[in-house]
Amino acid sequence: STFASYGILVGAYPVFILNSFISAVDIYYLLQMRKQNDYFELLPIATNNSPFLLRFLEFHAKDIVNFFPQFRFDANKDYLITFVLRNLLPVSLFIAQKENDSTLKICLDYSIPAYRDLRNAHYLYYEGQRFFDALNYKNLITRSNVAAHQKYLLKMGFKKSSELGENWYLKEI
């Protein structure tokens, strides 16, 4: 629209017409994106040896290390694992361990790069809260030394917890 305005100001009508058309198309697609309704669902994984789970972790290993440098998946540990599906696509992976009867320690809360708009996490932590309620968990804790991840945790309602130690975050659910 700036170039369309420029075109009209300097009398370059072809510039005005072309850029007005481009602006109209952009506005149309922005409105379409806003109207799009995504369908979310949680898909719990019952076994640590799920071929899809293992392949997902392998495929995204380099990106996972950027946000969770200490994460190492051990198929022999007892995890709570669920995928967040968005329009039936697995876009986020949540892996946690039982800390005590009411607390889960998050080991991994990873979203694939194309879907990092916080909508997956919002679904998991707010709309999907009955998932945690059904398992009688009241608190989520996690530790992060990565600035981008710490910012994400604060946006998702986690609070820094000095009681747990340095760089620990707590969310009451």
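Rules used in this analysis
Residues numbered from 1 in each chain as written. Predicted model: local features only at pLDDT ≥ 70, side-chain atom pairs only at ≥ 80, totals over all residues. Heavy atoms only, no water. Helix = DSSP H or I, 4+ residues; strand = E, 2+ residues; numbered from the N terminus. Phe/Tyr/Trp six-rings, centres within 6.5 Å; stacked < 30°, edge-to-face > 60°. Buried < 20%, exposed > 50% of the residue type's maximum accessible area, 1.4 Å probe, protein only. Core = buried A, V, L, I, M, F, W, Y, C linked by side-chain atoms within 4.5 Å. Contact = heavy atoms within 4.5 Å. Salt bridge = Lys/Arg side-chain N within 4 Å of Asp/Glu carboxyl O. Pairing = 2+ DSSP bridges. Patch = residues over 30% accessible without salt bridge, like charges linked within 9 Å, V, L, I, M, F, W, Y side chains within 5 Å. Areas by Shrake-Rupley, 256 points an atom, 1.4 Å probe, with all protein chains shown as cover.

Undergrad: Quick rundown of the environment of Leu31? Include the residues and the values.
TA: Within the secondary structure, Leu31 is located in helix H2 (residues 13-35). Distance in space between the C-alpha atoms of Leu31 and Leu42 is 28 Å, their sequence separation being 11 residues.

Undergrad: Describe the packing of aromatic side chains, naming the residues involved and giving the relevant values.
TA: Scanning the model with the defined rule gives 11 aromatic pairs in all. Seen from their ring centres, Phe56 and Tyr110 are 6.3 Å apart, and the 75° between their planes marks the pair as edge-to-face. Within this pair, whereas Phe56 is found in helix H3 (residues 51-59), its partner Tyr110 is found in strand E4 (residues 103-111), the two being separated by 54 residues in sequence. Note on Phe56: relative accessible area 6%, which makes it buried. The exposure class of Tyr110 is buried, given its relative accessible area of 1%.

Undergrad: Now, about the nonpolar core: what can you tell me, with residues and values included?
TA: Judged by nonpolar contacts, the single largest core of 22 residues is most densely connected at Phe94, Leu104, Leu124, Tyr125, Phe132, Leu140 and Phe158. Those elements that provide at least two residues to this core are strand E1 (40-45), strand E2 (80-86), strand E3 (89-100), E4, helix H5 (119-127), helix H6 (129-134) and helix H7 (147-155). Among the elements that take part in this core, H5 stands out by supplying 4 residues, more than any other. Dropping the residues within four chain positions of it, Leu140 is found in contact with Phe94, Leu104, Ile106, Tyr125, Phe132, Phe158, Tyr169, Leu170, Lys171 and Ile173.

Undergrad: Can you lay out the pattern of salt bridges for me, pointing to particular residues and giving the numbers?
TA: It is possible for side chains of opposite charge to pair when their charged atoms get near one another. Following the criterion strictly, the structure yields 6 salt bridges and no others. One salt bridge connects Arg116 with Asp63, and the closest N-O pair in it is separated by 2.2 Å. Taken together, the positions of Arg116 in the loop between E4 and H5 and Asp63 in helix H4 (residues 61-67) put the pair 53 residues apart, joining distant regions of the chain. Each of the salt bridges in this network shares a partner with another, and the network as a whole consists of Asp38, Arg86, Asp117 and Arg119.

Undergrad: Help me get a handle on the pairing of strand E5 (residues 139-143), residues and values and all.
TA: Of all 5 residues in E5, 4 are buried; the element is thus mostly enclosed. For E4 and E5, the ladder comprises 3 bridges, and the chain directions are parallel. In the strand pairing of E5, Thr103 is matched with Asn139. Where E5 meets strand E7 (residues 168-172), 5 bridges bridge the pair, whose relative direction is antiparallel. Its bridge partner being in E7, Asn139 is matched across the sheet by Glu172.

Undergrad: Give me the lowdown on unusual backbone geometry, citing residues and values where you can.
TA: Within the chain, Asn136 stands out as a residue other than glycine whose phi angle is a positive 65°. Within the secondary structure, Asn136 sits in the loop between H6 and E5. Backbone geometry places Asn167, a non-glycine residue, at a positive phi of 65°. Within the fold, Asn167 resides in the loop between strand E6 (159-160) and E7.

Undergrad: An account of a nonpolar patch on the surface is needed here, citing residue identities and associated values.
TA: Taken together, Phe3, Tyr6, Ile8, Leu9, Val10, Tyr13, Val15 and Ile17 make up a surface patch of nonpolar side chains, about 870 Å² in accessible area. Looking at the nonpolar patch, the elements that each hand over two or more residues are helix H1 (2-10) and H2.

Interpretation in functional terms is not warranted from these geometric data alone.
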